[in-house]
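Topology and contacts: notes
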Amino acid sequence: MAERLFIFDTTLRDGEQVPGCQLNTIEKIQIAKALENLGVDVIEAGFPISSPGDFNSVVEISKAVTWPIVCALTRAVEKDITVAAESLQYARRKRIHTGIGTSPYHIQYKFNSTQEKILERSIACVKYAKKQMEDVEFYCEDAGRTDNEYLARVVEAVIKAGATVVNIPDTTGYCLPSEYGAKIKFLMENVKDIHKVILSTHCHNDLGMATANTIAGIINGARQAEVTINGIGERAGNTSLEEIAMIFKSHKELDIETNVNTKHIYSISRTVSSLMNMPVQPNKAIVGRNAFAHSSGIHQDGILKNRESYEIIDPKEVGIDENTLALTARSGRAALKHRLSNLGIEFSQEKLDDIYEEFLKLADRKKDINDDDILMLAGKDRTTSQRIQLEYLQVTSGAGVRAVASIGLNIAGEKFEAAASGNGPVDAAIRALKKIITRQMTIQEFLIQALNKGSDDVGKVHLQVEHNGVNYYGFSANTDIIAASVEAYIDAINKFEK
C-alpha cells in the first residue's frame, strides 16, 4: 500500500508575500475553498500578528472550510502564538506553525544570540503553543544552511516539547538535492522519537531546485510537502503544488500518494493567477500555456500516432480539455461561459452578458483569443465597482508632435475632465489624470508585459505608486497600452481613495 504524503499549501501566506499580489479576505476565501476542493490537507491561512487584515482572513477562512487543517504562522514569540490561537478559534481542525532561525547566519546576525539560547527559545515556544492546541508545527528557519548535528538537537528537543510536525525549510533555496535529501535522512536516522512526528519540506526556488529538493526530502523520509499554486512565493518562489502532485502520480514506483484531485489543478492555477495578477509563464510545467503544446512537425506526427510519444501526462488529468472550444467573434455566450468555468470563474447571467459584449469587441481586434485574454476580461469586470472609473481617454501623438491627452473620469458618480501634454502619450495621459486626482503620488515601478506576440496583443501593466509613505499596486490589461497604463494607475489610486 502506498504511503501518504500530506500536502501543506501556503499560497495564502508565503505565496501572498509577493509584492503586488495581496488579496482581500473575500479573494482569500475563494482560493481557500478551491484548495479544499483540490484536496490539500493543510491550508496555511496567514500570519495573524502581522496585520488586522491577516488576522481577519485567518478567522474567516477558518469558518469557510471544513475538513482541511487551517494553520497560522507565528514567530517564537508568546504574543504571536496567543494571537494565532485566537484567530483559529473557529477552525474545525487547527494548527499553530511556530519556529525560529537555526543557521549561523540567523543565530549570529539576525538574533545576535547563541545556539543554546535559540534551543531554549525553540523549546519554550513549542510548549507555549502546545497549551493553546494539540497540533503544533515547528520550523527550523534556514535549516538548509544549518549544521546537521545542531539541527538534530533542535528537532529532538522540540519533539520532546510536544511538536507534532517539524518543518525543515531550505529558506534560501541554497541546497543541492543530494544535500537536502541527506539532511532529511540524517534526521530520520539520528533523532530520538523522530517517527512520532511528520517531517516537512519547505523549499524555495532561488537556484531553480525547489521541486528537486522537495522530492529528495520525501524520498528520504519527509511525509509533508509545503507548496504553493503555480510555485509563487518570496523571491523566486516556492515548490509548485502541481509539480509535486503530478510527479508522484506519474511515478507509481515511488509508492507515495497524495489526496490531490489533480483534475482541479488547471482551474485553481488560473484562479490564483487571475486574482493575484500573476501571469503563469508559458513554459511552466503542468499549467503553462505551452505545457501541452506541440509545434515541431516531428512531435505533432508522434502525438497523432500515439499521445504518449511526447506526453507523459494526459492533459485531462490536470483539468485541461484537449478539445477546448476555439473562441472567436462568432462564438456565443455558451462557449464563453464554458471557458470561464474551465478557468474556475463563475458569473451571474447579467455579468456574463457584460463580459460577453467586451469579449466581442476584443475578438474583433484579435485573431487569437486565449485564456489570458479571458482572464483579463473577467478581471476588468471586477473594476466596475471601483470608486474612480475611466470614462474616456483620447490621445494625440506622433513623430515631431508633442503628445496631448484628454481624459474623463467618473468619481463616485460625478464627471470630471482634464487635458495635458507630455513627453509621450503615456506621460500626457498620466499628467491629465493628475490634474483631476491631485494627491501627491510617485510612480515607483512601471512594468509593461505582453501576453503573447503580435501587433494585436493584449498588454498587462503593473504599477507601484507611493502615497504618504505607503506603496499601492495597480494592474490592468488592454490591447491599447496607453489605456492599460491609465487604468493601472487608477486601480492603484482606488486602493487609497476610499
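In the block above lies the structure referred to throughout.
For clarity, every value in this text was computed on a predicted model and none was experimentally measured. (Residues numbered from 1 in each chain as written. Predicted model: local features only at pLDDT ≥ 70, side-chain atom pairs only at ≥ 80, totals over all residues. Heavy atoms only, no water.)

1. Let's talk about the nonpolar core
Ile-7, Leu-38, Phe-138, Cys-140, Val-155, Val-166 and Ile-168 are the most contacted members of the largest nonpolar core, which has 87 residues in total. In terms of residues, this core owes the most to one element, helix H6 (residues 148-161), which gives nine residues. Not counting residues within four places of it along the chain, the set of residues in contact with Cys-140 comprises Ile-100, Thr-102, Leu-151, Val-154, Val-155, Val-166, Asn-167, Ile-168 and Pro-169. In this structure, Ala-405, Ala-428, Ala-429 and Val-486 belong to the second largest nonpolar core, which totals 29 residues. (Core = buried A, V, L, I, M, F, W, Y, C linked by side-chain atoms within 4.5 Å. Buried < 20%, exposed > 50% of the residue type's maximum accessible area, 1.4 Å probe, protein only. Helix = DSSP H or I, 4+ residues; strand = E, 2+ residues; numbered from the N terminus. Contact = heavy atoms within 4.5 Å.)

2. Considerations on the pattern of salt bridges
Taken as a whole and assessed by the stated rule, the structure comprises 24 salt bridges. Two residues, Lys-415 and Glu-391, come together in a salt bridge whose shortest N-O distance is 2.7 Å. Of this pair, Lys-415 sits in strand E13 (residues 414-422) while Glu-391 sits in strand E11 (residues 388-398), and the two are 24 residues apart along the sequence. A single salt-bridge network, built from bridges that share partners, covers Arg-13, Asp-14 and Glu-44. (Salt bridge = Lys/Arg side-chain N within 4 Å of Asp/Glu carboxyl O.)

3. Considerations on the sheet that holds E13
Judged by pairing direction, the sheet is antiparallel, and its three strands sit side by side in the order E11-E12-E13 without closing on themselves. Both outer strands of the open sheet, E11 and E13, are each paired with one neighbouring strand and no more. On average, each strand axis in the sheet is inclined to that of its neighbour by 10°, with strand direction left out of account. With nine bridges connecting them, strand E12 (residues 401-411) and E13 associate as antiparallel partners. For Ile-407, the partnering residue across the bridge sits in E13 and is Ala-418. Contacts from helix H15 (residues 425-436) reach E11, E12 and E13 within the one sheet, and its direction differs from that of E13 by about 140°. (Pairing = 2+ DSSP bridges. Axes fitted to C-alpha atoms, helices over the stretch in contact; angles between N-to-C directions.)

4. Details of the state of the cysteines
Tallied over the full model, the rule gives zero disulfides. Unpaired in terms of disulfides, Cys-125 finds its nearest cysteine sulfur in Cys-140, a separation of 9.8 Å. Lacking any disulfide linkage, Cys-175 is separated from the closest cysteine sulfur, that of Cys-203, by 7.6 Å. (Disulfide = S-S within 2.5 Å.)

5. Some thoughts on the sheet that holds strand E7 (residues 165-170)
Strand order in the closed barrel formed by eight strands is E2-E3-E4-E5-E6-E7-E8-E9, and the pairing between neighbours is parallel. When strand polarity is set aside, the average angle formed by the axes of neighbouring strands in this sheet is 25°. In this sheet, strand E5 (residues 94-101) lies alongside strand E4 (residues 69-73) in parallel orientation, the contact comprising four bridges. Paired with Cys-71 across the two strands is Arg-95, which belongs to E5. Strands in contact with helix H5 (residues 115-132) are E5 and strand E6 (136-141); relative to E5, the strand with the most contacts, it is inclined by about 170°.

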